[in-house]
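Inside the fold
So you can see what is in the structure, the chains are spelled out below.
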Amino acid sequence: MDFSRFLADDFDVKDWINAAFRAGPKEAAAGTADGHAATLVMKLQLFIQEVNHAVEETSHQALQSMPKVLRDVEALKQEASFLKEQMILVKEDIKKFEQDTSQSMQVLVEIDQVKSRMQLAAESLQEADKWSTLSADIEETFKTQDTAVISAKLIGMQNSLMMLVDTPDYSEKCVHLEALKNRLEALASPQIVTAFNSQSVDQSKAFVTVFSEIDRMPQLLAYYYKCHKAPLLETWQELCQSDLPLDRQLTGLYDALLGAWHTQIQWASQVFKNPHEVVTVLLIQTLGALVPSLPLCLSAGVERAGPELELSKLLEFYDTTAHFAKALEMALLPHPHEYNLVKVMELVDAVYGPYKPYQLKYGSLEESNLLIHISAVPLEHGEVIDCVQELSHSVNKLFSLASAAVDRCAQFTNGLGTCGLLTALKSLFAKYVSDFTSALQSIRKKCKLDDIPPNSLFQEDWTAFQNSIRIIATCGELLRQCGDFEQQLANRILATAGKYLCDSYSPRSLAGLQEAVLPDRKASARNPWQEYNYLQKDNPTEFASLMEMLYTLKSSRGNRRLPKCQSHTKIRWIRLTWKSELKIEKGCSNQTLLASSRAALTRLNQQAHQLAFDSVFLRIKQQLLLVSKMESWNTAGIGETLTDELPAFSLTPLEYISNIGQYIMSLPLNLEPFVTQEDSALELALHAGKLPFPPEQGDELPELDNMADNWLGSIARATMQTYCDVILQIPELTPHATKQLATDIDYLINVMDALGLQPSRTLQSLRTLLKAKPEDYRQASKGLPRRLASTVAAMRGVSF
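This structure is a prediction, so every number in the text was calculated from the model and none was measured.

Procedures and definitions
- Residues numbered from 1 in each chain as written.
- Predicted model: local features only at pLDDT ≥ 70, side-chain atom pairs only at ≥ 80, totals over all residues.
- Heavy atoms only, no water.
- Helix = DSSP H or I, 4+ residues; strand = E, 2+ residues; numbered from the N terminus.
- Buried < 20%, exposed > 50% of the residue type's maximum accessible area, 1.4 Å probe, protein only.
- Contact = heavy atoms within 4.5 Å.
- Areas by Shrake-Rupley, 256 points an atom, 1.4 Å probe, with all protein chains shown as cover.
- pLDDT = per-residue confidence, 0-100.
- Core = buried A, V, L, I, M, F, W, Y, C linked by side-chain atoms within 4.5 Å.
- Phe/Tyr/Trp six-rings, centres within 6.5 Å; stacked < 30°, edge-to-face > 60°.
- Patch = residues over 30% accessible without salt bridge, like charges linked within 9 Å, V, L, I, M, F, W, Y side chains within 5 Å.
- Salt bridge = Lys/Arg side-chain N within 4 Å of Asp/Glu carboxyl O.
- Lys, Arg positive; Asp, Glu negative; His and termini not counted.
- Charge placed at Lys NZ, Arg CZ, Asp CG, Glu CD.
- 1 Å grid on protein atoms, 1.4 Å probe; cavity = no way out; pocket = protein on both sides within 12 Å on 5 of 7 lines; lining within 4 Å.
- Points joined across faces, edges and corners; volume = space filled by probe spheres on them.
- Nonpolar A, V, L, I, M, F, W, Y, C, P; charged D, E, K, R; others polar.
- Expected span 1.5 Å × (residues − 1).
- Axes fitted to C-alpha atoms, helices over the stretch in contact; angles between N-to-C directions.
- Parallel < 35°, antiparallel > 145°, perpendicular 65-115°, else oblique.
- Left-handed = near helix turned anticlockwise from the far one by under 90°.

1. A word on the overall build of the protein chain
Scanning the protein chain for helices and strands turns up 31 helices and zero strands. When each of the 800 residues of the protein chain is scored for burial, the buried share is 42%. Taking the intrachain contacts of the protein chain between residues at least 6 apart in sequence as the baseline, contacts between residues at least 24 apart amount to 77%. With the model as given, the accessible surface of the protein chain reaches about 44200 Å², and the carbon-plus-sulfur share is 54%.

Below, the structure written as structure tokens:
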């Protein structure tokens, strides 16, 4: 029977009994369960008796062992107390020993100090005596011409001299030692030159050890530089004497320098402790010792190119140098912790230094280059149609020149010449606008818009207007491309020069300018080749202006980004933006980079609008100027005495006003391109321009978005205003002429009504005053302008 289950935590009586019955004999299952149960009870009773017996026996043993444990504990307690007493006695003994021996220990310390001083004095005396011995033997040593032995003697003398600092003849001894070192250097110089020229590693390492110990390492490096600089200088002189162009000569020089770099790095790594610094200095000295010098060669090469190719030739030279610099950068990149940062920065200055004068005056160079090329773009021709065609073609040429200038700025100055670039671009646009304006003046003269021939026949000619519309479309293309170019320019400036701007920079404080300098130094610690900054040191004022510009651009970036939309929505957005841009204060957005140029293009667009308007209004003006000179106004004609009896509708409009009416009625047909033609540039220009003779205050104009209606309304208002002006210049009106003039005005007003235009208030007032009978004139003039009423009364000869 398994009694272990009684010890389980999850023991259950019912489960144990059931399990015991299942495990019993077959008789228990056949019906003798009572007998089986009695057997189990008996077994359990026996087991209980055994457990009770075991517990009693264990308890008896525990009681017997308790006195022994108590005795052991008491003994341990006594021993601990005894140990404590012993420790106290030992502590007292130690304290007493320290008190008794403290004076003796102090004496021992002082004796040790005396011993150390005596040993030091003995060594000093030995070294001093050694100086005398070595000085006496040095001449014999030099006769051996053994540099190793001589250097050992000199090192010993040098160590001895360190002990003789306080002696009276110390300076004389120093001079004597330096003279001996010079003799050793002179003695070893042929061997040094031979070792360096033959690239002997063992001999060179021996000399490095010797010269390091005698503190003459700079002199040894001077021999090294002289030996390896000479063939490079000779290579450059051979290149200069050849017939190769300068860019090929530079390529040959840079190839030689780059080859020397790789060769010498491999060799110097076996000889010198700092091979990268040594070879870097070698290149610096070589670049500085070139004859003829690189600045002189660059100056001659640029002069030979001539003004037209001056900048492009300079960029060719610079591109060759930039490739060499990139190769050196890649050579140094795998070893960022092995080169000397200061020396690498000097090498960067030596490589790019010859171009610094040109980079500092990049703005003037770019300006001259752009003006030369824009002057070669023809804008005027004999025929008007050819001139209009050239104006249209000139837009792409203009912005091609501008984009090329941006590329040159990024390539040649790495964005640091941005201020000069903007000045050059403004000059470019100013020159273009000036030439464009001259072309418009030439077109005006060819179309005879300023000189109206007297008594010319009335003929409709829309050629000048159609050409003017093409010019307006050209202006629209100028405005559109200028907006796109300005956005691209801002992005390009940030991409190239933005790395010079510190995130915490603020143009309103001096600290901000100082912070702008810090990232340049930190960046140089990472890669001096990428962070070369010639402007900060040589022109801090321009550098500060550049930082302020970058800060403005970075602050406004993303605030005025063109939304993604359909083309017609895009044009409308540009149109609204263009109108508002001129009102934005300087420094508020990236649209201020070329604000003056955009304003000039807007004025140019306005001139094109005026040209188109004048080409349309010319025919009307020709007819209106005849009004005040017509003799029929003050001359009595046939039937003048019957005028009062004739009804008003019996009179017909005169020829001049009929011509004007027919001309105005034909305007919608000729203005149709404004409505039907899908030209985004034309639409942009039309919305950016302003028409003369704006609507009178209070007029309702539901067609503001319809440019054809705007033009029609402007021409109509110009006609009515000019008509009123010439009417008021008539000196005298007969009664018949008064009715005739009122009839002419009625006709013009009917034409305006037919076109859905509102007659001007002045014209309506004139009609009222002309139709009023003399006896009713005063009453009719009430509420009308008094000066107008007085002038008409004087013309009619009625009392007022």
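2. As for the confidence of the model for the protein chain
Averaged over every residue, the pLDDT of the protein chain is 81; residues scoring 70 or more account for 81%. Segment residues 509-525: pLDDT under 50, and 24 contacts once partners within four positions in sequence are set aside and those in other chains are kept. Note that pLDDT drops below 50 for residues 560-589; the model gives that stretch 41 contacts with residues more than four away or on any other chain.

3. Some details on unusual backbone geometry
A cis geometry characterises the amide bond from V291 onward to P292, with omega recorded as -5°. With respect to the element layout, P292 can be found in the loop between α9 (275-288) and α10 (294-305). Even without glycine at this site, Q199 takes up a positive phi of about 60°. Among the secondary structure elements, Q199 is positioned in the loop between α5 (170-197) and α6 (201-213). A relative accessible area of 26% means that Q199 is categorised as partly exposed. Residue F693 is not a glycine yet carries a positive backbone phi of 55°.

4. Quick word on the nonpolar core
Of all hydrophobic cores here, the largest spans 189 residues; its most connected members are F272, L425, I471, L489, W529, Y723 and L741. When residues of this core are assigned to their parent elements, the largest contribution, 15 residues, is made by helix α17 (residues 463-497). Those residues in contact with F272 that lie beyond four places of it in its chain are F196, V208, M217, L221, Y224, W267 and V278. Formed by five residues, the second largest nonpolar core is a distinct cluster that contains L154, M157, L180 and I214.

5. Focus: the packing of aromatic side chains
Scanning the entire structure with this criterion turns up 24 aromatic pairs. Ring centres of F196 and Y224 lie 5.6 Å apart, and the angle between their planes is 80°; this geometry places the pair in the edge-to-face category. Of the two residues, F196 sits in helix α5 while Y224 sits in helix α7 (residues 217-241), which places them 28 residues apart along the sequence. Accessibility expressed as a relative area gives 0% for Y224, which makes it buried. Judged by centre distance (5.0 Å) and plane angle (5°), the ring pair of W462 and Y663 falls under stacked. On the criterion of sequence distance, the pair formed by W462 in the loop between α16 (418-446) and α17 and Y663 in helix α23 (residues 655-665) is long-range, its members being 201 residues apart. By relative accessible area, Y663 is classed as buried at 0%. Among the aromatic residues, those joined into a ring-pair cluster are Y318, Y352, Y355, Y362, F412, Y532 and Y534.

6. A short note on a negative patch on the surface
Together, D9, D10, D12 and D15 make up a negatively charged patch on the protein surface. On the secondary structure map, D9 appears in the segment before α1 (13-22).

7. Observations concerning a nonpolar patch on the surface
A contiguous nonpolar patch, built from M105, V107, L108 and I111 and spanning about 380 Å² of accessible area, is present on the exposed surface. Locating L108 in the fold gives a position in helix α3 (residues 33-144).

8. Concerning the side chain of R717
For R717, the position within the fold is in helix α27 (residues 707-727). Overall, the relative accessible area of 18% leaves R717 in the buried class. When near neighbours in sequence (up to four residues on either side) are disregarded, R717 contacts F693, P694, P695 and N710.

9. Observations regarding the pattern of salt bridges
Enumeration over the complete set of coordinates arrives at 13 salt bridges. In this structure, D614 and R444 form a salt bridge, with 2.8 Å as the shortest nitrogen-oxygen distance. Placement of the pair is D614 in helix α22 (residues 595-624) and R444 in helix α16, with a sequence separation of 170 residues. Note on accessibility: D614 and R444 belong to one class, buried.

10. What to know about the environment of A322
Looking at where A322 falls in the secondary structure, it is placed in helix α11 (residues 310-332). A322 sits 29 residues away from V351 along the chain, and the two C-alpha atoms are 8.7 Å apart.

11. Thoughts on empty space enclosed by the protein
Enumeration over the complete set of coordinates arrives at one cavity of 30 Å³ or more. Taken as a whole, the largest cavity spans an internal volume of roughly 50 Å³. Lining the largest cavity we find V406, C409, A410, G415, T418, L421, L489, R492, I493 and T496. If you list the elements that add at least two residues to the lining of the largest cavity, you get α15 (384-413), α16 and α17. No other element matches α17, which puts four residues into the lining of the largest cavity. Tallied by class, residues from the lining of the largest cavity come to six nonpolar, three polar and one charged.

12. Some points on α9
Given a rise of 1.5 Å per residue, 14 residues ought to cover 20 Å, and the 20 Å separating the end C-alpha atoms of α9 matches this to within 8%. Within α9, the full set of buried residues consists of P275, H276, V278, V279, T280, V281, L282, L283, I284, T286 and L287. Buried residues along α9 sit against α7, α8 (246-268), α10, α11 and α12 (341-352).

13. Some points on the packing of α27 against helix α29 (residues 761-771)
At a minimum axis distance of 9 Å, the contact between α27 and α29 shows a crossing angle of 40°. Looking at the two axes, α27 sits oblique to α29. Helix-helix and strand crossings are classified by hand; for α27 and α29 the assignment is left-handed. Contacts between α27 and α29 pair M720, Y723, C724 and I727 from the former with T762, L763 and L766 from the latter. Looking at side-chain class alone, the contact of α27 with α29 contains six nonpolar, one polar and no charged residues.

14. Brief notes about the packing of α22 against α23
It is at 9 Å that the axes of α22 and α23 come closest, and there the two elements cross at 165°. The angle between α22 and α23 falls in the class roughly antiparallel. By crossing handedness, the relation of α22 to α23 is classed as left-handed. Between α22 and α23, the contacting residues are S615, V616, R619, I620, Q623 and L624 on the first element and Y656, N659, I660, Y663 and I664 on the second. Partitioning the contact of α22 with α23 into residue classes produces seven nonpolar, three polar and one charged.

15. Overview of the environment of D202
With respect to the helices, strands and loops of the structure, D202 is situated in helix α6. The exposure class assigned to D202 is exposed, which follows from its relative accessible area of 64%. Taking the C-alpha atoms as reference, D202 lies 8.2 Å from V271; in sequence the two are 69 residues apart.

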